[in-house]
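Listed here are the chains, written in short residue letters.
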Amino acid sequence: MQELHDAPLAPLTTFRLGGPATRLVTATTDAEVIAAVREADDTGTPLLLIGGGSNLVIGDKGFDGTALHIATRGFSLDGTTLELAAGEIWTDAVARTVEAGLAGVECLAGIPGSAGATPIQNVGAYGQEVSATITEVTAYDRRSRETVALSNADCAFSYRHSRFKADPERYVVLRVRFELEDAGGLSAPLRYAETARALGVEAGDRVPLTAARETVLKLRAGKGMVLDPEDHDTWSAGSFFTNPILTDEQFAAFRSRVAERLGDAVEPPAFPAGEGRVKTSAAWLIDKAGFTKGYGTGPARISTKHTLALTNRGEATTEDLLALAREVVAGVHDAFGVTLVNEPVTVGVSF
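In this text, all values refer to a predicted model and were calculated from it rather than measured experimentally.

Where helix α7 (residues 248–262) meets helix α9 (residues 318–336), the axes come as close as 8 Å, and the angle between the chain directions of the two elements is 90 degrees. By the angle between their directions, the pair α7 and α9 is classed as roughly perpendicular. For the pair formed by α7 and α9, the contact residues are Phe-254, Arg-257, Val-258, Arg-261 and Leu-262 on the first element and His-333, Asp-334, Ala-335 and Phe-336 on the second.

Next up, the structure:
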């Protein structure tokens, strides 16, 4: 294990924000991960887990404790069963499954971060979620002090949520197993209208895997959602807010606010989200509340490509970012009565 003291954490995050950690440990095997976690637990030392750093907002004062960078590697494909070490780079793993002719995660191409983070957040985009293909997660249980295997049902997946996110101090993801599909080189049925339109097909159709992946990468890049060190629109955590899920009563009140503000002819986005619940678009809410692409005059601004991404223009601090986030949340609530919820994990700061 590599160990550093008073170590900068900003370079380990896609925001490139945050102060130093008292101690930074980099683990390259499961055994090293477990040893570092046990040491922190045994000594009562605060512990921060870092994978790809793509969903992390660290305060300017940094982290007073041990930051554990999980840098394990492992890609194993047995037929249609894929197992990834937690530290595997997710977008590279997706590319390899497409090369192998297997469907199930091709529309999750270009998402920054590590494989171990995918079940925590139930990562999803362009009509796919990892919960549809994950069969088992191997994790270290800090409560029982043993390695455990959790089935898909055990993970309690829901929209951008899981058992791991609900109890963040308990589990450390070590490996993730997926069951993919051999569809003769074709993708899974396309579930996202924008992807289908871009490919010139209908929702529910299958297309060549490479075409699906390349189309998603192009769509993401157009929104600043593919990492590029030269493009400050990608110095972000991707989508900063989750899409609100409202009860039917809340959605009716929301529609009334939309009519008052924008006119009776304007209908807000609405997608079924289970019985008595409707999902709407956070990006639409932000834009219609007056926070358009590129909004802001300081070092933290809304992306010039997508209203759902808050970005570091190069000289921002975490407090700059939080000030912008609070302004957006307050503005959306004032305009439509809907409270946005941040998607990234916060460390040493709050909204």
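Okay, back to it.
Evaluation of the coordinates by the stated rule reveals 19 salt bridges. Two residues, Asp-233 and Lys-305, come together in a salt bridge whose shortest N-O distance is 2.8 Å. Here Asp-233 is found in the loop between α6 (209–222) and β13 (245–247), whereas its partner Lys-305 is found in the loop between β16 (300–302) and β17 (310–312), with 72 residues between them in sequence. Since its relative accessible area comes to 26%, Lys-305 is described here as partly exposed. A salt bridge links Glu-267 to Arg-255, with the nearest nitrogen and oxygen atoms 2.7 Å apart. Pair noted here: Glu-267 is in the loop between α7 and β14 (271–272) and Arg-255 is in helix α7, with a separation of 12 residues, a long-range link. In this structure Glu-267 comes out as partly exposed when scored by relative accessible area, which is 47%. By relative accessible area, Arg-255 is classed as partly exposed at 38%. Linked by salt bridges that have partners in common, Asp-30, Glu-83, Glu-136, Arg-175 and Arg-177 make up one network.

What follows concerns the environment of Gly-185. Looking at the secondary structure, you find Gly-185 in the loop between β12 (171–179) and α5 (193–199). The spatial distance from the C-alpha of Gly-185 to the C-alpha of Arg-16 is 38 Å, given a sequence separation of 169 residues. Residue contacts for Gly-185: discarding those within four places in its chain leaves Gly-101, Val-207, Pro-208 and Leu-209.

Next up on the list: the packing of aromatic side chains. If you walk through the whole model with that rule in mind, you get 10 aromatic pairs. Consider the rings of Phe-240 and Phe-241, whose centres lie 5.1 Å apart with planes at 75 degrees: the pair is edge-to-face. Note on accessibility: Phe-240 and Phe-241 belong to one class, buried. Consider the rings of Phe-254 and Trp-284, whose centres lie 6.3 Å apart with planes at 90 degrees: the pair is edge-to-face. Within this pair, whereas Phe-254 is found in helix α7, its partner Trp-284 is found in helix α8 (residues 282–288), the two being separated by 30 residues in sequence. For the pair formed by Phe-254 and Trp-284, the shared burial category is buried. Among the aromatic residues, those joined into a cluster by ring pairs are Phe-251, Phe-254, Trp-284 and Phe-336. A cation over a ring is seen here: Arg-16 above Trp-235, with NZ or CZ 3.9 Å from the ring centre. Positioned above the aromatic ring of Phe-336, the side-chain terminus of Arg-261 is 5.7 Å from the ring centre.

With that out of the way, let us pick up the sheet that holds strand β1 (residues 2–8). Within a sheet, neighbouring strands are paired by backbone hydrogen bonds and run either parallel or antiparallel to one another. Across the sheet, which stays open at both edges, the four strands sit in the order β1-β2-β5-β3 with mixed pairing between neighbours. With one partner strand each, in any of the chains shown, β1 and β3 (47–50) form the two edges of the open sheet. On average, adjacent strands in this sheet sit at an angle of 25 degrees to one another, irrespective of strand direction. Where β1 meets strand β2 (residues 20–27), six bridges bridge the pair, whose relative direction is antiparallel. Each residue of the ladder has a partner; that of Gln-2, found in β2, is Thr-26. Strand contacts of helix α1 (residues 30–43): β2, β3 and β5 (63–70), with the helix running at about 145 degrees to β2, the strand carrying the most contacts.

Rules and cut-offs
Residues numbered from 1 in each chain as written. Predicted model: local features only at pLDDT ≥ 70, side-chain atom pairs only at ≥ 80, totals over all residues. Heavy atoms only, no water. Axes fitted to C-alpha atoms, helices over the stretch in contact; angles between N-to-C directions. Helix = DSSP H or I, 4+ residues; strand = E, 2+ residues; numbered from the N terminus. Parallel < 35°, antiparallel > 145°, perpendicular 65-115°, else oblique. Contact = heavy atoms within 4.5 Å. Salt bridge = Lys/Arg side-chain N within 4 Å of Asp/Glu carboxyl O. Buried < 20%, exposed > 50% of the residue type's maximum accessible area, 1.4 Å probe, protein only. Phe/Tyr/Trp six-rings, centres within 6.5 Å; stacked < 30°, edge-to-face > 60°. Lys NZ or Arg CZ within 6 Å of the ring centre and 35° of its normal. Pairing = 2+ DSSP bridges.

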